[in-house]
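In case you want the letters, here they are:
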Amino acid sequence: QEQLVESGGGVVQPGRSLRLSCAASGFIFRNFAMHWVRQAPGEGLEWAAVISYDGSNTYYADSVKGRFTISRDNSQNTLYLQMHSLRVEDTAVYYCARARGYCINNRCYESYMDVWGKGTTVTVSS
Amino acid sequence: QSALTQPASVSGSPGQSITISCTGTSSDVGAYNYVSWYQQHPGKAPKLMIYDVSDRPSGVSNRFSGSKSGNTASLTISGLQAEDEADYYCTSYTSSSTLVFGTGTKVTVL
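Residues numbered from 1 in each chain as written. Chains lettered and ligands numbered in written order. Predicted model: local features only at pLDDT ≥ 70, side-chain atom pairs only at ≥ 80, totals over all residues. Heavy atoms only, no water.

**Quick look at the state of the cysteines**
Residues and elements named next belong to chain A.
- Inspection of the entire model under this criterion finds 3 disulfides over all chains.
- Each sulfur in the disulfide pair cysteine 22 and cysteine 96 lies 2.0 Å from the other. Note on the cysteine 22 and cysteine 96 pair: the S-S dihedral is about 65°, so by sign convention the disulfide is right-handed. You can see cysteine 22 sitting in strand E3 (residues 18-25) and its partner cysteine 96 sitting in strand E9 (residues 92-104), a full 74 residues away along the chain.
- The exposure class of cysteine 22 is buried, given its relative accessible area of 0%.
- Looking at cysteine 96, the relative accessible area reads 0%, which means it is buried.
- Here cysteine 103 pairs with cysteine 108 through a disulfide, and the sulfurs are 1.9 Å apart. Torsion about the S-S bond of the cysteine 103 and cysteine 108 cystine: about 100°, corresponding to right-handed handedness.
- Judged by relative accessible area, cysteine 103 falls into the exposed class, the value being 53%.
- If you count the bonded cysteines of chain A from the N-terminus, they pair up as 1-2, 3-4. (Disulfide = S-S within 2.5 Å. Helix = DSSP H or I, 4+ residues; strand = E, 2+ residues; numbered from the N terminus. Buried < 20%, exposed > 50% of the residue type's maximum accessible area, 1.4 Å probe, protein only.)

**Topic: the nonpolar core**
- Ranked by internal contacts, the top residues of the largest apolar core, which has 28 residues, are A:Trp36, A:Leu79, A:Met83 and A:Tyr94.
- Taken together, the elements giving at least two residues each to this core come down to E3, strand E4 (34-39), strand E5 (45-51), strand E7 (68-73), strand E8 (78-83), E9 and strand E11 (120-124) of chain A.
- Here the element with the most residues in this core is E3(A); it accounts for 4 residues.
- Excluding residues that lie within four positions of it along the chain, A:Met83 makes contacts with A:Arg16, A:Ser17, A:Leu18, A:Leu20, A:Arg67, A:Phe68, A:Tyr94 and A:Val122.
- Listed in part, the 23 residues of the second largest apolar core include B:Cys22, B:Val29, B:Tyr88 and B:Val107. (Core = buried A, V, L, I, M, F, W, Y, C linked by side-chain atoms within 4.5 Å. Contact = heavy atoms within 4.5 Å.)

Structure representation (structure tokens):
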């Protein structure tokens, strides 16, 4: 059974750092790109970042660029999101999701998410 | 990376059909046939309902269908059922190799 389990959330003060993890099982993790998506309390979904299957390419939403880093360890079947300089507005449930899409002419379009974790909650508060 | 525009709410009676719109720009919805739709019940993770504008994953009811015209994509739910009451989000691939979500639509079954 394909499964993603996030961990690492908690309460942190503004300006501090936190690292989230996402453990994958039930599928060949190293074959898939992965996304992080977040949802602030009472708000909609916001895409945060994507990483290619081998970690060689990463892309970020403007709201997290320069502060968050997505990475992966294919030997451990684990995805990470390192978050620095956290702000109150980063308070959210953070979901990891398996990416699906197409690669055409050496460009990959990881355009949708077919397996989601249940999320981990990050609260940034003084 | 402005969010795609969706109506805040749509409602219908059981058995009726409803359509949710998702409007973007020529840099996202209008540029690629890579629009997907997600259903989210309260307190739950999102669930993929439609990908690549109009394809349905295995296990998703054929009451759900998708389409696109220009910069606007649409999700239609036919034969509305009580279990369809949820929030729905569209997503599009963008010319910056990122994804952008829609603002979300709350579907109410009257």
